[in-house]
Amino acid sequence: MASETASAPPPPARLRRIVAASLIGTTIEWYDFFLYGSAAALVFNKLFFPDSEPLVGTLLSFLTYAVGFAARPLGALVFGHYGDRLGRKRLLVLSLLLMGGATFAIGLLPTHATVGAAAPVLLTALRLVQGFALGGEWGGAVLLVSEHGDARRRGFWASWPQTGAPAGQLLATGVLSLLTAVLSDSAFASWGWRIPFLLSGVLVVVGLWIRLSVDESPVFRQALAQAEARRADRASGSEKLPLVAVLRHHWRDVLVAMGARMAENISYYVITAFILVYATTSAGVSKQTALNAVLIASAVHFAVIPAWGALSDRVGRRPVYLLGAAGVGLWMFPFFALVDTGDFGGLLLAVTVGLVLHGAMYAPQAAFFSEMFATRVRYSGASIGAQFASVAAGAPAPLIATALLADYDSSTPIALYVIAAALVTVVAVGAAKETRHRDLARVGASEEAELATAQEAGAV
């Protein structure tokens, strides 16, 4: 009966509230994260690295951007461990507070002109906090929805927290676009750039109010009760790290998740962050025009993600994911050719098609990764697979793309870089098993029983 209860979908109104809590929280988290990326491309090179050449300053600015990714695996380990032991909800509240606090503090930072070399050091430290928080946010948000729903429409419902990425991008780019439209370049560089970061404080209050109103995942509560019952019956010691179980029973799934992230992560940051540099320096497009193109394309991205998620419920996670990976690889040369026209219509088409294809990977990702791992290690497994890949994928993507542009003064090496990532993802997802019919309450049941016996015997 317990398994049936955990697997049954909640009433529609409650499920919508759970989805809204995850979506709003992830939107705020991604707003904070993407705001930094956009600011790194537009103003941080001048404010925090003013003594460098323009492209070198941009490289240094993107280096602090990449530092945030370096902290994400640590966040995945810490939040995954405690999320699998204490529950998803508590850790999601903590991640929101950490991210929002760090972003608000960036808005108060003194620049290089005021405190010299201390400015980029402080900026890097706050970026590390952002990355640590986001490393724990993603896994908990998608699991909270995945574990409340049922297998029949899990791809659709779990894709909604994924729309937090384009929603956050939309919000961050929209605020920056508005400010650059109404402020002069000097005013924006002097104080206008701080406004979007300070707004994060208001958004966090709203996000906490909504996130605190939802219940813990019933699948997690059931698994926790079963684990406690086994320990009580056998007088076992404390449980070992969920990381041990992930590496012992799910190492193949972790590798699949990491491979699946390569094209998705790299293409996204090239299309949304690096393009602000490329369009303004190589294609002769104004900041405002580039921001507007990303803004409109992000709105389309937001709209298509649930549609891709629903399609994955019908045809499977793998076919939709493979379509997105192959599509992004094939689109790269047309993408840069359209941007090189310097025309707003061409730029908009390039970014929009790129993000639509990216959505075919990003939408089923939440359900796909959730369905790979057993409940008591799901937060750890999904987070580790996703965030460790981000260090090799999204973290250096704008940095590598900018370096390639500086060295070759051509988009061809950048296109080949994304195509190589697409090939890695096609191989990884092609080697994976289809997961769309799995019952989350039963995934890895035999492995969990074996692990519990081993833990109680002191074997692991």
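Predicted model only: the values in this text are computed from it and were never measured.

Novice: Can you walk me through the overall build of the chain in this structure?
Specialist: Along the chain, the regular secondary structure elements total 22 helices and 0 strands. Burial statistics for the chain: of 460 residues in total, 60% are counted as buried. Within the chain, contacts between residues at least 6 apart in sequence are counted, and of these 87% link residues at least 24 apart. For the chain, the exposed area adds up to about 16400 Å²; of that, 67% sits on carbon and sulfur atoms.

Novice: Explain unusual backbone geometry to me, please; I cannot follow it from the model alone.
Specialist: Trans is the prevailing form of peptide bonds, just as negative phi is the prevailing case for residues other than glycine. Of note in this structure, Asp409 is not a glycine but carries a positive phi near 50°. Relative to the assigned elements, Asp409 resides in the loop between α20 (397-408) and α21 (412-430). For Asp409, a relative accessible area of 64% gives the class exposed.

Novice: What's the story with the nonpolar core in this structure? I'm lost.
Specialist: Soluble globular proteins: nonpolar side chains tend toward being buried together. One finds Phe44, Phe335 and Phe369 to be the most contacted residues of the largest nonpolar core, which totals 130 residues. The dominant element in this core, judged by the number of residues it contributes, is helix α15 (residues 251-281), at 18 residues. Ignoring anything within four residues of it in the chain, the contact list for Phe335 reads Ile271, Ile275, Ala350 and Val351. Counting 5 residues, the second-largest nonpolar core is a separate cluster that includes Ile28, Val93, Leu96 and Leu208.

Novice: Even after reading the chapter, I still don't get the side chain of Thr103, so can you show me in this structure?
Specialist: The residue Thr103 is located in helix α6 (residues 88-106) in this model. Exposure remark for Thr103: the relative accessible area of 0% places this residue in the buried category. In contact with Thr103, other than residues within four places in its own chain, are Asp32, Leu35, Gln130, Phe197 and Ser200.

Novice: Help me understand empty space enclosed by the protein in this model?
Specialist: In this approach, a probe sized like a water molecule rolls over the atoms, and the result shows the empty space that is left. Tallying each qualifying case throughout the model produces 3 cavities of 30 Å³ or more. Of the voids in this model, the second largest cavity is the one considered here, and its volume is about 110 Å³. Lining the second largest cavity are 15 residues, with Trp30, Arg261, Glu264, Asn265 and Tyr362 positioned closest to its centre. Listed by contribution, the elements that provide at least two residues to the lining of the second largest cavity are α2 (12-42), α8 (118-146), α15, α18 (344-370) and α19 (378-392). Element by element, the count of residues in the lining of the second largest cavity is highest for α15, at 5 residues. Residue composition of the lining of the second largest cavity, by class: 9 nonpolar, 3 polar and 3 charged.

Novice: What exactly am I supposed to notice about the environment of Met361 here?
Specialist: For Met361, the location among the structural elements is in helix α18. On a C-alpha basis, the gap between Met361 and Arg317 in space is 8.9 Å, while along the polypeptide they are 44 residues apart.

Novice: Would you mind going over the environment of Ala290 with me for this structure?
Specialist: Checked against the element boundaries, Ala290 lands in helix α16 (residues 287-315). Taking the C-alpha atoms as reference, Ala290 lies 9.0 Å from Val277; in sequence the two are 13 residues apart. For Ala290, the residues in contact, after removing those within four places along its chain, are Leu276, Ala279, Thr280, Val285 and Leu347.

Novice: I keep staring at the packing of aromatic side chains and nothing clicks. Help me out?
Specialist: The geometry of two aromatic rings is summed up by the distance between their centres and the angle between their planes. In this structure the tally under the stated criterion is 16 aromatic pairs. Look at Phe156 and Trp157: their rings are 5.1 Å apart centre to centre, the planes differ by 65°, and that puts the pair in the edge-to-face class. Aromatic ring contacts, followed pair by pair, group Tyr36, Phe44, Phe48, Trp193 and Phe197 into a single cluster. Over the ring of Tyr36 we find Arg127; its NZ or CZ atom is 4.3 Å from the centre of that ring.

Calculation criteria
- Residues numbered from 1 in each chain as written.
- Predicted model: local features only at pLDDT ≥ 70, side-chain atom pairs only at ≥ 80, totals over all residues.
- Heavy atoms only, no water.
- Helix = DSSP H or I, 4+ residues; strand = E, 2+ residues; numbered from the N terminus.
- Buried < 20%, exposed > 50% of the residue type's maximum accessible area, 1.4 Å probe, protein only.
- Contact = heavy atoms within 4.5 Å.
- Areas by Shrake-Rupley, 256 points an atom, 1.4 Å probe, with all protein chains shown as cover.
- Core = buried A, V, L, I, M, F, W, Y, C linked by side-chain atoms within 4.5 Å.
- 1 Å grid on protein atoms, 1.4 Å probe; cavity = no way out; pocket = protein on both sides within 12 Å on 5 of 7 lines; lining within 4 Å.
- Points joined across faces, edges and corners; volume = space filled by probe spheres on them.
- Nonpolar A, V, L, I, M, F, W, Y, C, P; charged D, E, K, R; others polar.
- Phe/Tyr/Trp six-rings, centres within 6.5 Å; stacked < 30°, edge-to-face > 60°.
- Lys NZ or Arg CZ within 6 Å of the ring centre and 35° of its normal.

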